[in-house]
Structure formats: C-alpha cells, structure tokens
Amino acid sequence: MSAPPGRHRTPLHRRIWRERWMYALILPGLLYFVVFRYVPLLGNIAAFQQYSPYLGFGGSPWSGLSNFTAMLHDPEVLTATRNTVVISFLQIAFAFPAPVALALLLNSVMSGRVKRFVQSVVYLPHFISWVIVVAVWQQVLGGDGLLSHVIGDPGFNLMGDPSWFKALITLQVIWKDTGWNTIIFLAVITRIDASLYESAAMDGAGPWRRTWHVTLPAMRGIFVLLLILRLGSVLTVGFEQILLQQNAVGSDTAEVLDTFTYFRGVVAGDWGIATAAGLIKGVIGTLLVVGANKLSKRMGSEGAF
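Values in this document were obtained by computation on a predicted structure and should not be read as measured data.

Calculation rules
- Residues numbered from 1 in each chain as written.
- Predicted model: local features only at pLDDT ≥ 70, side-chain atom pairs only at ≥ 80, totals over all residues.
- Heavy atoms only, no water.
- Helix = DSSP H or I, 4+ residues; strand = E, 2+ residues; numbered from the N terminus.
- Rg over C-alpha atoms; globule rule 2.2 N^0.38 Å.
- Buried < 20%, exposed > 50% of the residue type's maximum accessible area, 1.4 Å probe, protein only.
- Contact = heavy atoms within 4.5 Å.
- Lys, Arg positive; Asp, Glu negative; His and termini not counted.
- Charge placed at Lys NZ, Arg CZ, Asp CG, Glu CD.
- Core = buried A, V, L, I, M, F, W, Y, C linked by side-chain atoms within 4.5 Å.
- Phe/Tyr/Trp six-rings, centres within 6.5 Å; stacked < 30°, edge-to-face > 60°.
- Lys NZ or Arg CZ within 6 Å of the ring centre and 35° of its normal.
- Axes fitted to C-alpha atoms, helices over the stretch in contact; angles between N-to-C directions.
- Parallel < 35°, antiparallel > 145°, perpendicular 65-115°, else oblique.
- Left-handed = near helix turned anticlockwise from the far one by under 90°.
- Nonpolar A, V, L, I, M, F, W, Y, C, P; charged D, E, K, R; others polar.
- Salt bridge = Lys/Arg side-chain N within 4 Å of Asp/Glu carboxyl O.
- pLDDT = per-residue confidence, 0-100.

**Topic: the overall build of the protein chain**
Summing up its helical and strand segments, the protein chain has 17 helices and zero strands in all. At 25 Å, the protein chain has a C-alpha radius of gyration far larger than the 19 Å of a compact globule built from 305 residues. Judged by the C-alpha coordinates and their principal axes, the protein chain covers about 80 × 65 × 40 Å. For the protein chain, buried positions account for 33% of its 305 residues. Excluding contacts between residues fewer than 6 apart, the proportion of contacts in the protein chain whose partners are at least 24 apart in sequence is 62%. Here the protein chain carries 23 positive and 16 negative side-chain charges, and the mean point of each set is 18 Å from the other.

**Here we look at the nonpolar core**
Residues A47, F68, M71, F260 and A276 are the most contacted members of the largest nonpolar core, which totals 13 residues. Counting residues per element, the ones that place at least two in this core are α4 (66-72), α5 (75-95), α16 (257-267) and α17 (271-298). The greatest single-element share of this core, amounting to four residues, is contributed by α17. In this view, A276 contacts A47, N67, F68 and M71; residues no more than four positions away in its chain are not counted.

**A look at the packing of aromatic side chains**
A complete count under the given rule lists eleven aromatic pairs for this structure. Ring centres of Y51 and W271 lie 6.3 Å apart, and the angle between their planes is 90 degrees; this geometry places the pair in the edge-to-face category. Taken together, the residues Y51 in the loop between α2 (20-38) and α3 (56-59) and W271 in helix α17 connect sequence positions 220 residues apart. A relative accessible area of 28% means that W271 is categorised as partly exposed. Site record: aromatic cluster; members linked through ring pairs are Y32, F33 and F36. Geometry around W17 places R20 over its ring, the cationic atom sitting 4.2 Å from the centre. A cation sits over an aromatic face here: K176 above W130, 5.2 Å from the ring centre.

**So, the environment of L105**
Tracing the backbone through its elements, the reader meets L105 in helix α6 (residues 98-108). Here the alpha-carbon distance between L105 and K166, two residues 61 residues apart in the chain, equals 27 Å.

**Thoughts on the packing of α16 against α17**
For the pair α16 and α17, interaxial distance at closest approach is 7 Å and the crossing angle is 155 degrees. Classified by the angle between their axes, α16 and α17 sit roughly antiparallel to one another. For the pair α16 and α17, the sense of crossing is left-handed. Together, L257, D258, F260, T261, R264, G265 and V266 of α16 and W271, I273, A274, A277, G278 and K281 of α17 make up the contact between the two elements.

**Some thoughts on the side chain of Q49**
Secondary-structure assignment places Q49 in the loop between α2 and α3. Setting aside residues up to four positions removed in sequence, Q49 forms contacts with F57, S60, P61, W62, S63, N67 and G272.

**Some details on unusual backbone geometry**
Of note, D144 is a non-glycine position whose phi angle comes to about 60 degrees, a positive value. With respect to the helices, strands and loops of the structure, D144 is situated in the loop between α8 (130-141) and α9 (146-151).

**Considerations on the packing of α6 against helix α7 (residues 112-123)**
α7 packs onto α6 with a crossing angle of 155 degrees between their chain directions and a minimal axis gap of 9 Å. The pairing of α6 with α7 is recorded here as roughly antiparallel in orientation. Note that α6 runs across α7; the crossing there is right-handed. On the side of α6, the interface is formed by L102, L106 and N107, while α7 contributes K115, V118, Q119 and V122. By residue class, the composition of the contact of α6 with α7 is four nonpolar, two polar and one charged.

**Some words on the pattern of salt bridges**
Summed over the entire model, instances satisfying the criterion amount to six salt bridges. For E19, the salt bridge is made with R18, and the minimal N-O distance between the two is 3.9 Å. Judged by relative accessible area, E19 falls into the partly exposed class, the value being 35%. Residues joined in a network through salt bridges with shared partners are D74, E76, R264 and D270.

**Digging into the confidence of the model for the protein chain**
Taken as a whole, the protein chain shows an average pLDDT of 88; of its residues, 97% reach a score of 70 or greater. Across the protein chain, α5 holds the top mean pLDDT of 93, while α9 sits lowest at 84.

So, in structure tokens, the structure goes:
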C-alpha cells in the first residue's frame, strides 16, 4: 500500500532505532536459535563424507550416499527404528492426551485452594531431572525395591524386565510431564465464555455433555496444533531417559535412534552413519509436520502455519 499524499514512510534504519529496545529483547532468543539450532545443521554434510574430526569437513573425503546405504542394511538401525516407533506411538496414544484429561479434572474441582494444591503437586515432577526420576522408579519397582518387599518376592525387578520397558518409559513420561503440560490447556479452558456453559445447562446438558459439546470443541484448535508439533519429534523419544535404563534391559529392547547415533557416532567414531541417521530422522519429522498441517487444514482446523 502506498503512503498517503504528503506523507513519507519512515526509513527502515530509523524504525529499527526507534524500536531498538524491543529488538534488544528479541536478540538473545534469536541468537540461541541461530547458534544452537541453525548453525549445527551445517554439520549434516558429514552424512555424505567419510568424516574424520582430525581432517574436518574440508579435508574429509566425499562418500556420496554410501552412508545411507550402509545405514539401511545395518540391523542395529532397524532395531533402533522399530523401538523408536513403538515407544513414540505409546507416548502419542497415552502420554499426549493425558494433560487434556488432567486439565478437565482440575477444571471440575470447585475449591480454588484444592485446585492450586493439586496443580503444585503435579507440576513438581517436571522440574526433577531424569537421573532422579529413574532412581526413584528404581527404588520402587526395581530389584530389592519397595514393591518387591511388599509382595514378598526379593527377585522381583520390573525395571529390568524387557517386556515392561516400553510401558514403563511411557508411564514415566506421563508422571513427569503431564502436570506441566496442563498449563496451556487450563489457559484455554479459562478463556471459554461462561455463557456457553449457562446456555448448555439451560438446555438440560449435564456436566459430561457440557464438557463434550463446549469444553472439548474449544480445546480442539490447540490440541491439533500441539499434535502437529509433536509429530515433528516423533522419532525423538527421550535420549537421557532411555540411556539411563538401557543397561538394565539390553540394547535389543532399549536401543532407539537417539542412543544409536550417540553410540555409533560419539562413542564408536562412525560419524557418517550416525549423521545420516539423524538427518533422515529430521527429514521424516519435517514431512510429518507439513503433511499433518495440510491434513488439518483440509479437515477445517487452522493448523500450525
């Protein structure tokens, strides 16, 4: 749009200087993403090289797609991919909807004091490191733990049972992060117009119907948005959490793509295959986000972008 007659647009450098303090506030966050998110993307060039840290990117010989070919024929990659997909599916199916259910339960609590107390309790695990979380679960469900003494079986060790590993990983995520993730859903609920509930009650709708026809539709947009963003990290299922428990159940059960890239690249020094695995993981996540965003728009939602 052209400027009105007799008026001229303010030059860009003057507008930047006028809003300099706002740009100064943005600068730390911008630098974080540039330094720790975008600059490391240049390292993906190692996926196409026989990379050596001593030779660097400029001196390492090119290998074309040989790293990708070797990765696709590596049985450890197939095992890690299978475990990653299973764990990710369990987390999306059970851990992702859990904050919605908890937010609905907290919203139904009439006493403000009780609600604040419960919120404080369920928020707390989010601030505990995975080292402490795993240690606590080990003391309760591990060998010679609390549960083994309660049932009177000294040999009981649920934390070392491979058949329970994926379920326990999902339960740990639910226990640690569900309370924290309810914040955004509770914020959405508080913005719902109270007159909608009053109208539904006048029409004879009980608490369950008001939740189904008023609360949940109001939360659909943010739920879809968070689900789309979650799909971007569908192949990232918790490096530290799984690494701390991998020795107890073995790599066949607990090897995921994140631990594979760590052991193959950082520990074993096979940087090319490790980088290729990480690059494919990022590409798949990007495609899932773009595809889910288009699908959500076709279904009537706003999507993420």
